[in-house]
Amino acid sequence: MKPTQVDDVKPAALAAAGLAKSFGAVKALRDVSLEFPAGQVTGLLGENGAGKSTLIRLCSGQMQPDRGHLTLNGEQVSFGSPLEAIAAGVVVVNQEPLLISELTIADNLFLYDLGERPAYGLARRGENVHKARELLDRLQMADYLPDPATLCRDLSAASRQMVDIVRALSRQPKVLFLDEPNSSLTHEESERLFAVMRKLRDEGVAVVLVSHRLAEVYSIVDNVIVLRDGTFVAAGPPDEIDQKRAVALMAGEKKRAVVAEVVAERAEGIETAEVALQVTGLTGEGFTDIDFNVRRGEIIGMAGLVGAGRTEIAEAVIGLRPVDRGQITVGGRTVRISGPGRAQRLGIAYVAEERRTEVFHAQSVGYNITARILSTLGHLGWVSGRRATATARDLARRFGVKAASTEAPITSLSGGNQQKVLLARALAAKPKVLILDEPTRGVDVGTKAEIYATLRELAHGEGLAVWFISSELEEVVELADRVVVIRQGRVTRDAPNNAGPNPIVAAAMGATEG
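The structure reproduced in this document is the subject of the present report. Model, not experiment: these values are computed from the prediction. (Residues numbered from 1 in each chain as written. Predicted model: local features only at pLDDT ≥ 70, side-chain atom pairs only at ≥ 80, totals over all residues. Heavy atoms only, no water.)

A word on the nonpolar core
Alright, step 1. Of all hydrophobic cores here, the largest spans 50 residues; its most connected members are Leu-45, Met-141, Val-166, Leu-176 and Met-197.
Alright, step 2. Per-element accounting of this core gives the leading share, seven residues, to helix α6 (residues 157-170).
Alright, step 3. Other than its neighbours up to four places away in sequence, Val-166 contacts Leu-109, Leu-135, Leu-136, Leu-139, Met-141 and Leu-145.
Alright, step 4. Of all hydrophobic cores here, the second largest spans 43 residues; its members include Val-365, Val-443, Leu-455 and Leu-479. (Core = buried A, V, L, I, M, F, W, Y, C linked by side-chain atoms within 4.5 Å. Buried < 20%, exposed > 50% of the residue type's maximum accessible area, 1.4 Å probe, protein only. Helix = DSSP H or I, 4+ residues; strand = E, 2+ residues; numbered from the N terminus. Contact = heavy atoms within 4.5 Å.)

Right under this line is the structure:
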């Protein structure tokens with residue numbers, strides 16, 4: 001089905017006709033036809049598993065379609081690789097930055113040049129630093145990255161994302177796909193990115209934005225396209241397909257009811273519940289004198305600006321980061337945690353912010369689910385394949401992982417389903433404390449509702465202590481029973497979540513209400 005033409009729509013820079021792609025029994029795309037007009041920002045919307053990532057991969061040469069074809073500026077094209085697509089002007093900024101950690105920012109910005117010139121030496125790489133500074137100045141983005149000579153291994157998640165964005169812009173794209181480009185960015189950094197997008201639009205570039213932050217999408221797009229279950233559903237201007245209609249179109253009848261029924265329920269009697277995790281005076285690099293606790297059956301939301309020190313605190317608690325002083329108490333007993341393995345043995349599970357560092361990309365869905373408990377699924381060092389498969393299937397079913405089978409490659413899953421796999425893996429060891437860093441980053445509204453419902457059931461129904469870190473204020477307000485706000489490495493607020501967002505924002509920004 002081809003989308004209805006929109007009034008005053010500009011010529012299509014890139015068009016897809018009848019695209020189809022399957023992975024085994026899973027039909028990722030089914031006869032999708034659509035257009036991305038030049039000189040417009042198009043919002044590509046859909047839940048995880050709707051086919052957005054597959055569509056982008058087909059359009060950018062990362063995969064080949066089973067059927068259908070692409071047209072670029074009126075001419076039929078076929079890209080055999082991402083480099084061919086880039087050379088033609090079709091560039092992608094991926095949700096997970098594709099950077100080489102041991103190279104500098106400058107080298108990563110001009111990585112394609114390194115590959116194209118076999119004799120590329122240190123002198124040329126030195127020139128890249130100067131070129132990178134000029135590029136950042138031209139894009140007015142110099143203030144949002146460290147010096148280009150900095151190694152990428154030393155960058156934060158937000159800075160890594162910004163490097164990938166700047167690299168894409170350096171290729172002077174005709175069609176630019178942005179897949180959750182600001183999922184790690186602050187509000188200020190996002191606004192700068194949107195300003196760049198508007199400039200590219202005015203220069204005639206077809207900009208395609210994939211984001212689950214609908215309010216931000218609707219603040220910038222000229223056109224909206226909705227996919228569901230691998231099929232084209234609708235296209236039109238944002239005043240025709242408003243946010244409410246877009247959510248309904250994305251979810252469909254089955255999930256619409258789930259989203260509507262999930263309402264935040266505050267746990268009662270938490271104040272008297274057993275303290276599962278107590279942190280007292282915890283001090284280390286990036287945080288000072290941290291005091292808070294998490295009780296059984298309670299969901300703690302840790303809020304604050306990006307870079308406030310929230311991730312550093314979580315990493316210190318599970319032994320990934322050294323602690324200068326302070327005390328950690330688990331189940332009433334003071335403990336010393338030397339690493340994640342020790343944390344797991346104490347009943348603490350942790351899911352990190354970046355999926356790329358958590359997923360075993362070369363392994364199956366089942367392996368990724370059971371990786372932390374394989375030693376318990378056998379005898380004398382031998383793992384029972386039958387028990388491992390049965391356990392993986394049970395956990396996949398419990399947490400609603402959508403996959404052809406647990407033997408399918410983890411890379412065949414959407415980002416939201418990969419996140420469910422990581423949640424299943426963390427809970428496979430039956431922890432008493434669950435720590436989640438940005439648990440719904442890049443996840444659609446329907447999957448968010450499912451994850452929220454699961455966390456509420458685990459905490460309020462089964463007594464699990466849940467501590468999550470989130471940069472989305474709406475998520476903190478909806479999900480948390482109590483909110484701990486971190487600003488510049490210190491706790492600035494620790495209170496029940498019953499006063500709305502204003503005091504949280506004030507504490508995070510160091511402002512007073514009013």
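Re the packing of α6 against helix α7 (residues 187-202)
Alright, step 1. Their axes nearest at 12 Å, the elements α6 and α7 cross at an angle of 10°. If you check the angle between α6 and α7, you find them roughly parallel. Residues Ala-158, Met-162, Ile-165 and Leu-169 of α6 lie in contact with α7, whose contacting residues are Glu-189, Leu-193, Val-196 and Leu-200.
Alright, step 2. Broken down by class, the residue content of the contact of α6 with α7 amounts to seven nonpolar, no polar and one charged. (Axes fitted to C-alpha atoms, helices over the stretch in contact; angles between N-to-C directions. Parallel < 35°, antiparallel > 145°, perpendicular 65-115°, else oblique. Nonpolar A, V, L, I, M, F, W, Y, C, P; charged D, E, K, R; others polar.)

Here's the deal with the sheet that holds strand β13 (residues 299-303)
Alright, step 1. Ordered by their spatial adjacency, six strands build an open sheet running β16-β19-β20-β13-β21-β22, and the pairing between neighbours is mixed. Two strands bound the open sheet, and with one partner strand each, they are β16 (348-351) and β22 (490-496). Pairs of neighbouring strands in the sheet enclose a mean axial angle of 15°, with direction left out of account.
Alright, step 2. Where strand β19 (residues 433-437) meets strand β20 (residues 465-469), five bridges bridge the pair, whose relative direction is parallel. If you follow Asp-437 over to β20, its bridge partner there is Ile-469.
Alright, step 3. Relative to β13, helix α16 (residues 445-461) is tilted by about 125°, and along the sheet it contacts β13, β19 and β20. (Pairing = 2+ DSSP bridges.)

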